[in-house]
Amino acid sequence: MKRWRPLFAASVLLVAATTLAWSQRFRTFVEPNVAYDGRFTFVRLRYTERGPSGWSFDYPAMERNFMTIVQDLTAMRTHVRRSNVHRMDDTLLSRYPIAYLSEPGYWYPDEQEAAGLRAWLQKGGFLIVDDFLLRQWDVFSRSMREVLPDAQFIRLDRTHPIFNAFFSIGTLEGLHHPSSRNAKAEYYGIFENNDPKGRLMVIVNFNNDIGDYMEWSGQGWYAVNLTNDAYKFATNYLVYALTH
């Protein structure tokens, strides 16, 4: 028994450390927002949770990794080590042209949040929706129609210019939500006046989680091709939004 005590003690410490790591991952520490200075700042939208803190999943590692890639690939002046979190009704949101919404399967906007996001979109904002799957579509679509009551979700194919804005993406097949291989990625757009030839206001990554692929890109959790594809889609979204 004496011989096994050190091993048992080490196992307990390992379990405790693992539990702490996971608890810390799901605890949200929101960093101070960076002051506006004209450089591109990644903006994540925050909402009142009903369940897990879905809006903060992959924060802030995803932002850091993605902005590092953007800085290396493009001539954009970006904030790499800092990013912003804004509520949908924050008046400062109008300073930023692109925002990211995570886990809309847990998103239930109130009237003020819906009105704020609606105004931002109508003034030219571009929204990236990510990290939800399967029946979570019902919550997302219902909440999105609180923002844009007449919104139509138009499925996109690879001929849309967003998939050729920086990288030429040859196929929209291959990615799936990390939680389920059965959740094959689909891409939808919401257009101004529901006109597919008009301004694309919202890009929807359904059955997908490009944020998670980017967050863990340095740890080898996912196959390299999946991580590379996630960066390609994300970069195209950014470049498309800034040039249209």
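Our structure's up above, just so we're on the same page.
We now turn to the structure provided with this report. Within each chain, residue numbers correspond to sequence positions counted from 1 in written order. Reporting in this predicted model follows two pLDDT cut-offs: at least 70 for local features of residues, and 80 or more for side-chain atom pairs to be given and counted; totals over whole chains, interfaces and linings ignore these cut-offs and use all residues. Note that the side-chain values use all heavy atoms of the structure and ignore hydrogens as well as water.

A separate point is the overall build of the chain. A tally of regular secondary structure across the chain gives six helices and seven strands. Each helix is a run of H or I in the DSSP string that is no shorter than four residues. Each strand is a run of E no shorter than two, and both are numbered from the N terminus. Helices and strands in the chain line up, N terminus first, as α-β-α-β-β-α-β-α-β-β-β-α-α. Buried residues are those whose accessible area, probed at 1.4 Å on protein chains only, stays under 20% of the maximum for their type, while exposed residues exceed 50% and partly exposed ones sit between those limits. Out of the 244 residues belonging to the chain, those deemed buried represent 47%. A separation of at least 24 residues holds for 74% of the contacts in the chain among residues at least 6 apart in sequence. Per-residue accessibility takes into account occlusion by the displayed protein chains alone, with areas from the Shrake-Rupley method and a 1.4 Å probe. Summed over its atoms, the accessible surface of the chain is roughly 12,800 Å², and 53% of this surface lies on carbon and sulfur atoms. Between two residues, a contact is recorded if the distance between any of their heavy atoms is within 4.5 Å.

Once that is clear, we can look at the nonpolar core. Formed by 34 residues in total, the largest nonpolar core has its most connected members in Phe66, Phe126, Phe163 and Tyr237. Listing elements by their share of this core, those giving two or more residues are α2 (61–73), β3 (98–102), β4 (126–130), β6 (186–191), β7 (200–206), α5 (210–215) and α6 (224–243). Apart from the residues within four sequence positions on either side, Phe66 is in contact with Phe42, Met214, Tyr231, Ala234, Thr235 and Leu238. Buried Ala, Val, Leu, Ile, Met, Phe, Trp, Tyr and Cys residues that are joined via side-chain atoms within 4.5 Å together make up what is termed a nonpolar core.

Let's shift gears to the packing of aromatic side chains. The aromatic pairing rule takes the rings of Phe, Tyr and Trp, using the six-membered ring of Trp, and pairs them if the centres are within 6.5 Å, calling planes under 30 degrees apart stacked, those over 60 edge-to-face and the rest tilted. In total, this model carries 20 aromatic pairs according to the counting rule given. When the centroid spacing of 6.4 Å and the interplanar angle of 55° are considered together, the rings of Phe126 and Tyr240 count as tilted. With Phe126 in strand β4 and Tyr240 in helix α6, this residue pair connects regions lying 114 residues apart in the sequence. Side by side, Phe126 and Tyr240 carry an identical accessibility label, which is buried.

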